[in-house]
Each structure stands twice: as structure tokens, then as C-alpha cells.
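Coordinates in review
What follows is each chain in one-letter form.
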Amino acid sequence: MSEKSQKTQKKNWFKGLNAEFKKIIWPDKQTLVKETAAVVSVSVVLGAIIALVDFLAQHGIDILVNNAVSREFSDELEELDRTSVMASMEVNIAGQISMVQAVLPYMKRRGGGSILFLSSVNALTAPKFSLMTEHRKSPANYTMEKWGINGLTKWLAARYGKDNIRVNSLCPGTFDPDMFKQSENAAYIRNVMEYRPISRFMCAEEVAGPALFLVSDAASYCTGVLLAVDGGYSL
């Protein structure tokens, strides 16, 4: 397609999109006056979407960090209802798959990319129930979903390696800064610190560093890796 044809196609696409939004946002002049604030807001969002679509079309996507999570968990299996399980899986499994589906065409187009899942140490070993307390437990569906993410990591790495797309998972231990502000967690904190070979909790930089490594060219020969960042908790 010639450069002139591409410009014409893009111009027609923008015109069509603008016409469709006008049907929704500007049905008549009176509505336009009354809904000025909404029009401005939607126009800004539309502008951002158009800019993003244009950027992706030109440059593709290099990296996806898949960190979506739903907290539809129950501490006890007997208390877990089907609605909560399905709501959780909709984000923590189906949502993660949807994100991968969205970026794959752009990564293939640019000749490769890197996908990183945020999994959990709970997907590397059985939960340490002896360390748990009344206020800190290990929900069954959380563990199931994180194991599912690790399985998906392996599958994607094997399937799309030929497309130069690397797929890895980061499996951090407990990382919850707010936990230290709550006195009821004192026993759990003490238990975990005594159990871990590195007897302290990680800081944000200790999660960010391994994540940056896995998505960068420094890990260009790493795919299908499940990297524990847990101070030895999973040993």
C-alpha cells in the first residue's frame, strides 16, 4: 500500500470513528450544551485511545507485565462459593489470557517481545500452614490460580519461543507493606521471619530488580522461568 493510500485509509478511519462517537455524545446541539463536561472528558479519552492505537500500529509492544488480580478469596475451602471462585478466575486466569491475546499480534509484528506474569511463592510449594495465623491464611483458589499462571507461563514459552517472544513468571514471597501496620499480624510476621533463611521481608526494589531483569535483554535466553524471590521461603 502506497503512503498516500495509507494516509487516506487512516483519515477515513478517523472520520468513521468520529461519526460514531457523535451519534452517542452529540445527538443534538441542546445535549451538547448541557453535557459539556462529559463531552470534554470523553473527547480527552477518545484522543488518548486514538493516540495509543496509532502508536501501537507504528511501533508494536515490547513488554507486557501481567499483574491483574482480584481478591475474591475465602480463607476456608468450606466457605468458598462458586460465585466467588468464578469472579476471581475471570480476572486472575481469563483476564491474564485476554491481556496476552491482546499483545501477541503486536509482538509478532515487531519480531518478538517479553511477557512477565506476577505469580507467587504459593505456586512453587505447598502453603506453610504451620506458619499461618487466624488473620493470615492461604486461600485455596488463590493458590490454584497462581499454579495456573505458572502452567500458562510454561505453555506460552513453549508455544511462542519461535516468534522470539519470551514468557516468564516472577514468584515473590509475602510483600504487603500494610501488614506491618496491623498489630494482629505480629505472630505471622514472627513465624515467617524465623522460618526464612533470609529472615526479613522484602522491599519494593527487591521485587522490581528481578522483574526488570526478566523483561530486559539481560535475560534474552531465559524463557519459561519461574523465578522465586522469597528469601528462601520455598526451599
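Located above this text is the structure these notes cover.
Residues numbered from 1 in each chain as written. Predicted model: local features only at pLDDT ≥ 70, side-chain atom pairs only at ≥ 80, totals over all residues. Heavy atoms only, no water.

1. Re the packing of aromatic side chains
For clarity, the threshold we go by: Working definition: a ring pair exists when centres of Phe, Tyr or Trp rings (six-membered ring for Trp) sit within 6.5 Å. Plane angles under 30 degrees give stacked, over 60 give edge-to-face, the rest tilted. When the NZ atom of lysine or the CZ atom of arginine is within 6 Å of a ring's centre and also within 35 degrees of its normal, the charge is said to sit over that ring.
Under the criterion given, the structure shown has 1 aromatic pair. Residues Trp-155 and Tyr-160 carry aromatic rings whose centres are separated by 6.4 Å and whose planes lie at 70° to one another, so their mutual orientation is edge-to-face. Here the guanidinium or amino end of Arg-159 rests over the ring plane of Tyr-160, the centre of that ring lying 5.0 Å away.

2. What about the environment of Asp-217?
The cut-off we apply is this: Working definition: helices are DSSP H or I runs of at least four residues, strands are E runs of at least two. Numbering for both runs from the N terminus. Whether a residue is buried, partly exposed or exposed follows from its accessible area with a 1.4 Å probe, protein chains only, as a fraction of its type maximum: under 20%, in between, or over 50%, in that order.
Relative to the helices and strands, Asp-217 is located in the loop between helix H7 (204–215) and strand S4 (226–229). The class for Asp-217 is exposed, based on a relative accessible area of 70%. Spatially, the C-alpha atom of Asp-217 lies 9.2 Å from that of Ser-114, the residues being 103 residues apart in sequence.

3. Side note on the environment of Met-107
Using the following cut-off: Two residues form a contact once any of their heavy atoms are found within 4.5 Å.
Within the secondary structure, Met-107 is located in helix H4 (residues 82–110). Given the relative accessible area of 0%, Met-107 is considered buried. Aside from chain neighbours lying at most four places away, what touches Met-107 is Ile-61, Asp-62, Ile-63, Leu-64, Gly-112, Gly-113, Ser-114, Ile-115 and Ile-165.

4. As for the pattern of salt bridges
Going by this rule: Each reported salt bridge corresponds to a side-chain nitrogen of Lys or Arg within 4 Å of a carboxyl oxygen of Asp or Glu.
Evaluation of the coordinates by the stated rule reveals 1 salt bridge. The partner of Asp-62 in a salt bridge is Arg-110, with the nearest N and O atoms 2.7 Å apart. In this pair, Asp-62 is assigned in the loop between helix H3 (36–59) and strand S1 (63–66) and Arg-110 in helix H4, connecting sequence segments 48 residues apart. Overall, Asp-62 belongs to the partly exposed group, its relative accessible area being 41%.

5. As for the sheet that holds S1
Strand pairing within a sheet occurs via backbone hydrogen bonds; the two strands may be parallel or antiparallel. To keep things clear, this is the line we draw: One bridge is not enough; two strands pair if DSSP finds at least two bridges between them. Under this scheme, a helix contributes an axis fitted over its contacting stretch, all axes are lines through C-alpha atoms, and angles between N-to-C directions fall in the 0 to 180 degree range.
Read across the open sheet, the 4 strands follow the order S1-S2-S3-S4; overall the sheet is parallel. Edge strands, defined here as strands with exactly one partner in the open sheet, are S1 and S4. On average, adjacent strands in this sheet sit at an angle of 20° to one another, irrespective of strand direction. Here 4 bridges tie S1 to strand S2 (residues 113–118), and the two strands are oriented parallel to one another. When the bridges of S2 are listed, Leu-64 appears paired with Ile-115. The strands touched by H4 within the sheet are S1, S2 and strand S3 (165–172), with S1 carrying the most contacts at an inclination of about 175°. On top of the sheet, helix H5 (residues 140–160) reaches S2, S3 and S4; it is set at about 160° to S3, its chief contact.

6. Focus on the nonpolar core
Condition: Each nonpolar core is a collection of buried residues, namely Ala, Val, Leu, Ile, Met, Phe, Trp, Tyr and Cys, held together in the definition by side-chain atoms within 4.5 Å.
Within the largest apolar cluster, 16 residues are counted, with the highest numbers of intra-cluster contacts made by Val-100, Met-107, Ile-115, Phe-117, Leu-156, Ile-165 and Val-167. Counting only elements with at least two residues in this core, the list comes to H4, S2, H5 and S3. If you tally residues by element for this core, the top one is H5, at 5 residues. Residues contacting Val-167, with those up to four places away along its chain left out, are Ile-115, Phe-117, Thr-153, Leu-156, Ala-157, Thr-223, Gly-224 and Val-225. Formed by 9 residues, the second largest nonpolar core is a distinct cluster that contains Leu-116, Leu-118, Leu-170 and Leu-214.

7. Quick look at H4
Note the cut-off: Helices are assigned an expected span. That span is 1.5 Å times one less than the residue count. Here the bend at a residue means the angle between the axes of two seven-residue stretches, the one that ends at it and the one that starts at it. Under this definition, polar contacts are N or O atom pairs within 3.5 Å; protein pairs additionally need one hydrogen-donor-capable and one acceptor-capable atom, and for neighbouring residues in sequence, both atoms have to be side-chain atoms.
Along its 29 residues, H4 runs 41 Å from first to last C-alpha, staying within 8% of the 42 Å computed at 1.5 Å per residue. Approximately 40° is the largest bend angle found in H4, and it occurs at Met-89. Along H4, the positions that sit buried rather than exposed are Ser-84, Val-85, Ser-88, Asn-92, Gln-96, Val-100, Val-103, Leu-104 and Met-107. Those residues of H4 hidden inside the fold are in contact with S1, S2, H5 and S3. In this structure Asp-81 caps H4, since a side-chain oxygen of it lies 3.1 Å from the backbone nitrogen of Thr-83. Gly-111 lies just past H4 and shows a positive phi near 90°.

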